[in-house]
Each structure stands twice: as C-alpha cells, then as structure tokens.
Amino acid sequence: MNDESPCIPAHVAIIMDGNGRWATQRGLPRFEGHRRGVEALRRTIIAAEEAGIRYLTVYSFSSENWRRPLPEIAELMGLLRRFIQHDLATLHARNVRIRVIGVQDGLSPDIIALLDDAEKLTAHNTGLTFIVAFNYGSRREMIDAVRDLADEVRLGRLSPADITEELFSDRLDTRGIPDPDLVVRTSGEQRLSNFLLWQASYSELVFSPVLWPDFDRNALVAAIEEFRQRDRRFGGTPSAVGGVL
Ligand code: FPP
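Residues numbered from 1 in each chain as written. Predicted model: local features only at pLDDT ≥ 70, side-chain atom pairs only at ≥ 80, totals over all residues. Heavy atoms only, no water.

## Regarding the sheet that holds strand 4 (residues 129–136)
Sheet strands line up and pair through hydrogen bonds in the backbone, either parallel or antiparallel.
Okay, step 1: Ordered in space as 3-4-2-1-5-6, the six strands form an open sheet in which the pairing is parallel. The open sheet terminates on both sides in strands that have one partner only, identified here as strand 3 (97–101) and strand 6 (204–207). Neighbour-to-neighbour, the strand axes of the sheet open up by a mean angle of 20 degrees, direction not taken into account. (Pairing = 2+ DSSP bridges. Helix = DSSP H or I, 4+ residues; strand = E, 2+ residues; numbered from the N terminus. Axes fitted to C-alpha atoms, helices over the stretch in contact; angles between N-to-C directions.)

Okay, here's the thing in structure tokens:
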C-alpha cells in the first residue's frame, strides 16, 4: 500500500476496453474510439497523479491484438507513435517515469526506438511510474521467465529447489514493480485477457461499466472507492494482515 495515503492503491492496472463499442454506438469508425481512447488515457494519467497513485499500468496492445484487421493494427501503432512523440516532453516535465512491458517482436524499428528513448529519458524521474503494456501477453512473459530459470539450472547456477516466487517475479517484464493492488477493466467485460496473470494474484478486480473513451477522473475515483470497500486478506484473516484497509 501507499504509505502516504493508506486507502489509495499504490498500483492500479487498467484494461482499457470498449473503444470499438463506443465508436459503433455513435456510428463512427472503430478508429475514432481508439483516438478518443488516447484522450481518456491522458485524463487518467493526470487523475492518477492527483489521486496519489504511484504506479499506473495500461494494456495498450496485447499479443492477441495482432489478430485484428491490418488497418486497425496500423492505427493502434500510429496512436502509440503519436502519443509518445506528442506527450513525452510533457510527461517528463511532470516527473513521470515510463516503463514498457511486452516484447519487441513484430514492432517496427521506429516504435522500438521511441519506446526505448522514452524509458531512458524518464528513467530517473520520481513521480508516477507509467507502465505501458505494449505487445504484452502474460503467458508469454511467464514462459520466458521459465526459460530463463531453466537455462540457469542447465548452466548449474541455480538449483530447482532454490526457485522462489521472488526469483520468478524477478524474471518477469514487471521486475522491480510492485504487484497491482487494483485491476480495473472498463466496458463491463469481466475477464483478465492474459493481463498480469501472475502479478494480479491478490489484486482487487473492479469492472467498470464505462466504455474506455468515456473514462475520466470520476470513473477512476469510483473504482478506487470500490477498492476501498473491499476487505483485503491475502489469504489470511483481517487481523493477520495488520488491518490493511
Ligand atoms: C480495447 O477496445 C482497446 C484496445 C485494443 C486498445 C487500447 C488502446 C487505446 C486506448 C489507445 C491507444 C493508446 C496508446 C497510447 C497506444 P476494443 O477495440 O477491443 O473495444 P470493443 O471491445 O468495444 O471492440
């Protein structure tokens, strides 16, 4: 938990869903939903900073999104490119640290360079850590971690008996980032869709009915409010976790 504000989740992770439906409901092309989704993302970053959230992770492009029509994939890539080009300086000025999780396979070299540069430029910032899950899939991430550990065992550097949860977590894309306290999915869908499956083991899940392009400070506050009502026990009893929440 966040030491400064014990009732505010330190890490909020968001599955930004419902762009397509938002556009279809208005007779607009799906692209328009994604474009308005970027505006919702900008609002949410500011609202998260103001709420005292320390880590904000957003699911921007999943490993499964490659199954979408090529023009939609190109649009999502273009939006990320323009978002970094347009917003990086502002985010840096606001002391935001950017981290990217996911793999580079399939991404164009200019996007890889933009993401690398954004991480390097903001690496020492001490404000909100903004984690962009791009070309990310949790099962792939875990398989890669297992391969790393298996290699270390094969090379004789590690014994299988010494593999712990911490050691495994340290091989994930999210190494060094605390697990999310709260995972929010918008648009009323209720599943994790290969997002932070290991890291969300003890997260509170909140399903917001709001379609992502309409997400704003009020919707974030409502999700935090729902989180605050929950009794987090981490498998123990309320007294066993020292009255967290
Ligand atoms: C899900 O809506 C959303 C996505 C697949 C992409 C999320 C992307 C953005 C919010 C904009 C991109 C932002 C950056 C910075 C890259 P959906 O299309 O699955 O909606 P639907 O379920 O209503 O069809």
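The structure having been displayed, the exposition proceeds.
## What about helix 2 (residues 30–51)?
Okay, step 1: Here helix 2 spans 31 Å end to end across 22 residues, near enough to the 32 Å set by a 1.5 Å rise per residue.
Okay, step 2: Contact partners of the buried residues in helix 2: strand 1 (11–15), helix 1 (19–25), strand 2 (55–62), helix 3 (70–93), strand 4 and helix 7 (217–229). (Expected span 1.5 Å × (residues − 1). Contact = heavy atoms within 4.5 Å.)

## Remarks on the side chain of glutamate 141
Okay, step 1: Along the chain, the position of glutamate 141 falls in helix 5 (residues 138–154).
Okay, step 2: Buried charge without a salt bridge: glutamate 141, with arginine 140 as the nearest opposite-charge side chain at an N-O distance of 5.7 Å.
Okay, step 3: Within the structure, glutamate 141 has its side chain in polar contact with the side chain of glutamine 199 (distance 3.2 Å).
Okay, step 4: Excluding residues that lie within four positions of it along the chain, glutamate 141 makes contacts with Tyr136, Leu172, Asp173, Thr174 and Gln199. (Buried < 20%, exposed > 50% of the residue type's maximum accessible area, 1.4 Å probe, protein only. Lys, Arg positive; Asp, Glu negative; His and termini not counted. Salt bridge = Lys/Arg side-chain N within 4 Å of Asp/Glu carboxyl O. Polar contact = N/O pair within 3.5 Å; in protein donor to acceptor, adjacent residues only side chain to side chain.)

## Observations regarding the nonpolar core
Okay, step 1: Formed by 46 residues in total, the largest nonpolar core has its most connected members in Ile14, Leu56 and Phe130.
Okay, step 2: The greatest single-element share of this core, amounting to nine residues, is contributed by helix 3.
Okay, step 3: When residues no more than four places from it in sequence are discounted, the contact partners of isoleucine 14 are Thr44, Leu56, Thr57, Val58, Tyr59, Val184, Phe195, Trp212 and Phe215.
Okay, step 4: Core analysis: the second largest hydrophobic core is formed by 13 residues, Ala13, Ala133, Tyr136 and Leu196 among them. (Core = buried A, V, L, I, M, F, W, Y, C linked by side-chain atoms within 4.5 Å.)

## Points about the layout of surface pockets
Where empty space is left becomes clear once a probe the size of a water molecule has been rolled over the atoms.
Okay, step 1: Of the voids in this model, the largest pocket is the one considered here, and its volume is about 690 Å³.
Okay, step 2: Considering the residues around the largest pocket, the lining is formed by 32 residues, among which Met16, Tyr59, Ser60, Asn65 and Arg68 are closest to the centre.
Okay, step 3: Its residues assigned to classes, the lining of the largest pocket comprises 15 nonpolar, nine polar and eight charged.
Okay, step 4: By volume, the second largest pocket is sized at about 460 Å³. (1 Å grid on protein atoms, 1.4 Å probe; cavity = no way out; pocket = protein on both sides within 12 Å on 5 of 7 lines; lining within 4 Å. Points joined across faces, edges and corners; volume = space filled by probe spheres on them. Nonpolar A, V, L, I, M, F, W, Y, C, P; charged D, E, K, R; others polar.)

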